[in-house]
Amino acid sequence: MSKGLNILFCTSEVTPYSKTGGLADVSNSLPQELNAAGHAVRIITPKYGPIDERRLRIYEIKRLTNIEVPVGNKIAICNIKSSFIVSPKGKVQVFLIENSEYFNKESPYIEAKTGKDYSNNDERFIFFNRAIMQVLGLLGWQPDVIHCNDWQTGLIPAYIKTIYAKDSLLQNVKSVFTIHNIAFQGLFPHESFLKSGLPENIWNDDGVEYYNKFSFLKSALIYSDAITTVSENYANEIATTHEYGMGFEGILKKRRKDLYGILNGVDYSVWNPERDSTTPFRYTSKELPLKRENKKALCKKFGLEFNAEIPVIGIISRLSDQKGFDIIQQIMPQLMKEDVYFILLGSGDKTYQKFFESVKKKNPKKVGLHFGFSEELAHLIEAGSDMYLMPSKYEPCGLNQMYSLKYGTIPIVRATGGLADTISEYKNGTGNGFVFDKYDSGELMKAVKRALKLYKNREEWIKLIRIAMSYDYSWEVSARKYVDLYRSIMKKA
Ligand code: ADP
Ligand code: GLC
């Protein structure tokens, strides 16, 4: 067997310490899978204000305190704390970077009250990237690969290739950058670039300058040894079209041979109806009456009257344009004329929140809403709903459609990004959901109607549920692809 690799996984969110979306799930489960495959993985992430140190068993590491990190003309101080993600798969060490000025905030990126980005996000994440570089030599452990994720870690590849290039520890280190969402580009003014400490000679079109702005994302796309994104289809979309590449398609086209689409996996120890400790009833595909009991519990929770004949359509999502809420909005009047329940768990854009509140006001017996973040409700919605709606405008991978399959909750999706790679239209006993192509409310409504029609055919519906539940998107295959990629870039000079 070949020697295991040392991998440092850098991420701005990871469950159970922080989470705003799928990145947090991936940052927890991919390292565990790599670790289980015999590689030594450490995760490094900010320690945000609300993290409960006692509950999550976070401890100080004496020798990793008071580390100096330059941010512009200032020296910021960081402490590294340690914790472990422990699961039947093994134990992965997590380093949490503490700095009260930058990270003692209620949410990772945005002011909860206003919904706006923190005004010092440039400094917060320059600090995070630079702190990682500064602590590398102190960990007593040398990574072969530094795996960075999204713009919040995008400066690391540039640091490795510039101001830390002569560092003996980094001579053979390779960097991989994963794009989880290209819409988030880490764009800041030139002054922010000056605070990064990166050399002036990379402030140009071939470096980190993006139309007169400093882009963390561009830094990663230019300087990382390999780029990945979270589905094959999204890799093609972002490298070939402006619509999906969002301005970065040119750079990606140039780096096409270094760009890989590797589908996210699911952690079935967390998202599994057979073992879900948060749902009232656990079930397999042979025990579907128990799924119905979860549906009862779900309806009760949202104040809706249970009726086995009426399907529940569930959504768990960031309330953002990405997720297709404008076309959901457009079909709402029509949808409310159907025999359906609509249950939404979401947080984000307040205008969508207001809209759904008004829909509920008009249809109190059909609509259930919860605005905020709740893991427990997310699991109950997966377990109790009949259908899961995800008509995204774009979707790098998407996790909820895969979770839904496992819970026998049939996805209705738009064929984009990872949704197209994982869901196909159910027809004549094959396929696992309902799919439409064009981003259009009429097409969405037609797909919903196809689902509602099939739901009435109990026998066919159960057949579809059983097919959906048999899909296996576990991490094993994808983790192996990451390892192959790590090894292939390590061979390069
Ligand atoms: P994205 O990362 O674009 O938001 P994904 O489908 O990859 O989309 O992952 C979303 C993750 O966040 C899932 O684990 C989903 O259950 C979770 N999630 C989103 N909104 C909420 C919420 N309001 N409460 C609990 N979990 C949520
Ligand atoms: C992003 C994407 C989502 C993906 C997740 C994890 O937030 O929007 O599609 O599943 O990252 O990679």
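In what follows, the structure referred to is the one given above.
Residues numbered from 1 in each chain as written. Chains lettered and ligands numbered in written order. Predicted model: local features only at pLDDT ≥ 70, side-chain atom pairs only at ≥ 80, totals over all residues. Heavy atoms only, no water.

Enquirer: Which parts of the structure should I look at to understand the packing of helix α11 (residues 325-335) against helix α12 (residues 350-362)?
Expert: Geometry of a packed helix pair, given as the angle between the helix axes and the separation of the axes. It is the contact of α11 with α12, at a shortest axis distance of 11 Å, that shows an interaxial angle of 20 degrees. In terms of orientation, α11 and α12 fall into the roughly parallel class. At the point where α11 passes α12, the crossing takes the left-handed sense. On α12, the residues that touch Phe325, Asp326, Ile328, Gln329 and Met332 of α11 are Tyr352, Phe355, Phe356 and Val359. Grouping the amino acids of the contact of α11 with α12 by side-chain chemistry returns 7 nonpolar, 1 polar and 1 charged. (Axes fitted to C-alpha atoms, helices over the stretch in contact; angles between N-to-C directions. Helix = DSSP H or I, 4+ residues; strand = E, 2+ residues; numbered from the N terminus. Parallel < 35°, antiparallel > 145°, perpendicular 65-115°, else oblique. Left-handed = near helix turned anticlockwise from the far one by under 90°. Contact = heavy atoms within 4.5 Å. Nonpolar A, V, L, I, M, F, W, Y, C, P; charged D, E, K, R; others polar.)

Enquirer: I'm lost on the site of ligand 1 in this one. Help?
Expert: Surveying the vicinity of ligand 1 reveals 20 residues, the closest of which are Gly22, Asp25, Arg318, Lys323 and Gly372. At 2.7 Å, a side-chain N or O of Arg318 approaches an oxygen atom of ligand 1. Interatomic distance of 3.0 Å between a backbone N/O atom of Ser374 and a nitrogen atom of ligand 1. For ligand 1, the protein covers 94% of the area, taking 560 Å² as the surface of the free molecule. (Near = heavy atom within 4 Å. Polar contact = N/O pair within 3.5 Å; in protein donor to acceptor, adjacent residues only side chain to side chain. Areas by Shrake-Rupley, 256 points an atom, 1.4 Å probe, with all protein chains shown as cover.)

Enquirer: Honestly, the sheet that holds strand β16 (residues 367-371) in this entry has me stumped. Any pointers?
Expert: As a general point, the strands of a sheet are linked pairwise by backbone hydrogen bonds and lie either parallel or antiparallel. In space, the 6 strands of this open sheet follow the order β16-β15-β14-β17-β18-β19, with parallel pairing throughout. Pairing within the sheet leaves two strands with one partner each, and these edge strands are β16 and β19 (434-436). Neighbouring strand axes in the sheet, compared pairwise and without regard to direction, differ in orientation by 15 degrees on average. Two strands pair when backbone bridges link them, and strand β14 (residues 312-319) and strand β17 (residues 387-390) are joined in this way by 2 bridges, in the parallel orientation. Its bridge partner lying in β17, Ile313 is registered against Met387. On top of the sheet, helix α16 (residues 441-456) reaches β14, β17, β18 (410-414) and β19; it is set at about 165 degrees to β19, its chief contact. (Pairing = 2+ DSSP bridges.)

Enquirer: What's the story with the pattern of salt bridges in this structure? I'm lost.
Expert: Once the charged atoms of two side chains with opposite charge are near each other, the side chains can pair. Enumeration over the complete set of coordinates arrives at 26 salt bridges. For Asp122, the salt bridge is made with Lys195, and the minimal N-O distance between the two is 3.3 Å. With Asp122 in helix α3 (residues 121-135) and Lys195 in helix α5 (residues 190-196), this pair connects stretches of sequence that are 73 residues apart. Overall, the relative accessible area of 8% leaves Asp122 in the buried class. Note that Lys218 and Asp205 form a salt bridge whose closest N and O atoms lie 3.5 Å from each other. Highlighted residues: Lys218 in helix α6 (residues 216-223) and Asp205 in the loop between α5 and β10 (209-210), separated in sequence by 13 residues. Where salt bridges share partners, they join Lys74, Glu101, Asp122, Glu123 and Lys195 into one cluster. (Salt bridge = Lys/Arg side-chain N within 4 Å of Asp/Glu carboxyl O. Buried < 20%, exposed > 50% of the residue type's maximum accessible area, 1.4 Å probe, protein only.)

Enquirer: Explain the state of the cysteines to me, please; I cannot follow it from the model alone.
Expert: Covalent bonding between the sulfur atoms of two cysteines is what defines a disulfide. Within the structure shown, the criterion is met by 0 disulfides. Of all cysteine sulfurs, the one in Cys10 lies closest to Cys78, which takes part in no disulfide; the gap is 13 Å. Cys397 takes part in no disulfide bond, and the closest cysteine sulfur to it belongs to Cys148, at a distance of 20 Å. (Disulfide = S-S within 2.5 Å.)

Enquirer: Would you mind showing me how to read the sheet that holds strand β9 (residues 187-188) here?
Expert: Reading across from one edge, β9-β11-β10 is the order of the 3 strands in this open sheet, with antiparallel pairing throughout. Across the chains shown, the open sheet's two edge strands, defined by having one partner strand only, are β9 and β10. Of the strand pairs in this sheet, β10 and strand β11 (residues 213-215) are connected by 2 bridges, and their pairing is antiparallel. Across the sheet, residue Glu209 finds its bridge partner in β11, namely Phe214.

Enquirer: I would appreciate a short explanation of the site of ligand 2 in the present structure.
Expert: Around ligand 2, the structure places 14 residues, and the nearest of them are His180, Asn264, Glu395, Cys397 and Gly398. Separating an oxygen atom of ligand 2 from a side-chain N or O atom of Asn264 is a distance of 2.8 Å. Pro396 is positioned such that a nitrogen or oxygen atom in its backbone is 3.5 Å from an oxygen atom of ligand 2. Look at ligand 2: alone it shows 300 Å² of surface, and the protein chains cover 94% of it. Among the elements that make up the shell around ligand 2, the one with the highest residue count is helix α1 (residues 22-36) (3 residues). Each of two domains, domain 1 (6-265 + 476-490) and domain 2 (288-472), supplies a minimum of three residues to the shell around ligand 2. (Domains from an automatic or database assignment.)

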